Amino acid sequence: EEAAVRTAINQYFYGILYYDEALLRATFHPDAFVSGISKDGNLDHARFGEWVVYTRGNPPDPAGRNNTIASVDLSGAAAVVRTELR
């Protein structure tokens, strides 16, 4: 099960680095929420359908961006994954 979770997270990493909206839509549940810390330090929280539109257009240069899985915690059919996106 952890391998499947890691695969999904790595698909997210690729989708966000290269603005692959189709891959992101295949990876996320349509009712998902996406949360994170913005560049100015504020908490951002949006429905996936609203958030994914930001991946339209030309992606920024992925050079120097390092995305890693910091931890995976499985509990039954649920998983919590902490990522570090740089």
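The coordinates are above.
Residues numbered from 1 in each chain as written. Predicted model: local features only at pLDDT ≥ 70, side-chain atom pairs only at ≥ 80, totals over all residues. Heavy atoms only, no water.

Student: What is the right way to look at the layout of surface pockets in this model?
Tutor: The probe, sized like a water molecule, is rolled over the atoms to show the empty space still left. In this structure, the largest pocket spans a volume of roughly 1200 Å³. Lining of the largest pocket is provided by 30 residues; of these, Y12, V34, S35, W51 and L85 occupy positions nearest its centre. For the lining of the largest pocket, the secondary structure elements donating two or more residues are helix 1 (2-17), strand 1 (33-37), strand 2 (43-47) and strand 4 (78-85). For the lining of the largest pocket, a count of residues per class yields 17 nonpolar, eight polar and five charged. (1 Å grid on protein atoms, 1.4 Å probe; cavity = no way out; pocket = protein on both sides within 12 Å on 5 of 7 lines; lining within 4 Å. Points joined across faces, edges and corners; volume = space filled by probe spheres on them. Helix = DSSP H or I, 4+ residues; strand = E, 2+ residues; numbered from the N terminus. Nonpolar A, V, L, I, M, F, W, Y, C, P; charged D, E, K, R; others polar.)

Student: What is the right way to look at unusual backbone geometry in this model?
Tutor: Negative phi characterises most residues that are not glycine, and trans characterises most peptide bonds. Of note in the backbone geometry, Y19 takes a positive phi value of approximately 50° without being a glycine. Locating Y19 in the fold gives a position in the loop between helix 1 and helix 2 (21-27).

Student: Got a minute to help me understand the packing of aromatic side chains in this structure?
Tutor: When we look at a pair of aromatic rings, we describe it by the centre distance and by the angle of the planes. Enumeration according to the criterion identifies seven aromatic pairs in this entry. Relative to F28, the ring of Y12 has its centre 5.8 Å away and its plane inclined at 75°; by these criteria the two rings are edge-to-face. You can see Y12 sitting in helix 1 and its partner F28 sitting in the loop between helix 2 and strand 1, a full 16 residues away along the chain. Ring centres of F28 and F48 lie 4.8 Å apart, and the angle between their planes is 15°; on these two criteria the pair is classed as stacked. Pair noted here: F28 is in the loop between helix 2 and strand 1 and F48 is in helix 3 (residues 48-51), with a separation of 20 residues, a long-range link. Taken together, the ring pairs connect Y12, F13, F28, F48 and W51 into an aromatic cluster. (Phe/Tyr/Trp six-rings, centres within 6.5 Å; stacked < 30°, edge-to-face > 60°.)

Student: Quick question: what am I supposed to make of the pattern of salt bridges here?
Tutor: Any two side chains of opposite charge can pair, given that their charged atoms come close. Under the definition given, this model contains four salt bridges. Between R6 and E2 there is a salt bridge, with the nearest N and O atoms lying 2.9 Å from each other. Taken together, the residues R6 and E2, both in helix 1 and four residues apart, mark about one turn of the helix. Among the residues examined, E2 registers a relative accessible area of 33% and is labelled partly exposed. Salt bridges here are not isolated pairs; linked through shared partners, they connect E21, R25 and R56. (Salt bridge = Lys/Arg side-chain N within 4 Å of Asp/Glu carboxyl O. Buried < 20%, exposed > 50% of the residue type's maximum accessible area, 1.4 Å probe, protein only.)

Student: Would you mind going over the nonpolar core with me for this structure?
Tutor: Across soluble globular proteins, nonpolar side chains show a tendency to be buried alongside one another. By size, the foremost hydrophobic cluster in this structure holds 14 residues, and its most contacted members are Y12, L24, F28, F48 and W51. Only helix 1, helix 3 and strand 3 (67-75) provide two or more residues apiece to this core. The dominant element in this core, judged by the number of residues it contributes, is helix 1, at five residues. Filtering out sequence-adjacent residues up to four positions away, L24 remains in contact with Y12, G15, I16, F48, W51, V52 and T55. (Core = buried A, V, L, I, M, F, W, Y, C linked by side-chain atoms within 4.5 Å. Contact = heavy atoms within 4.5 Å.)

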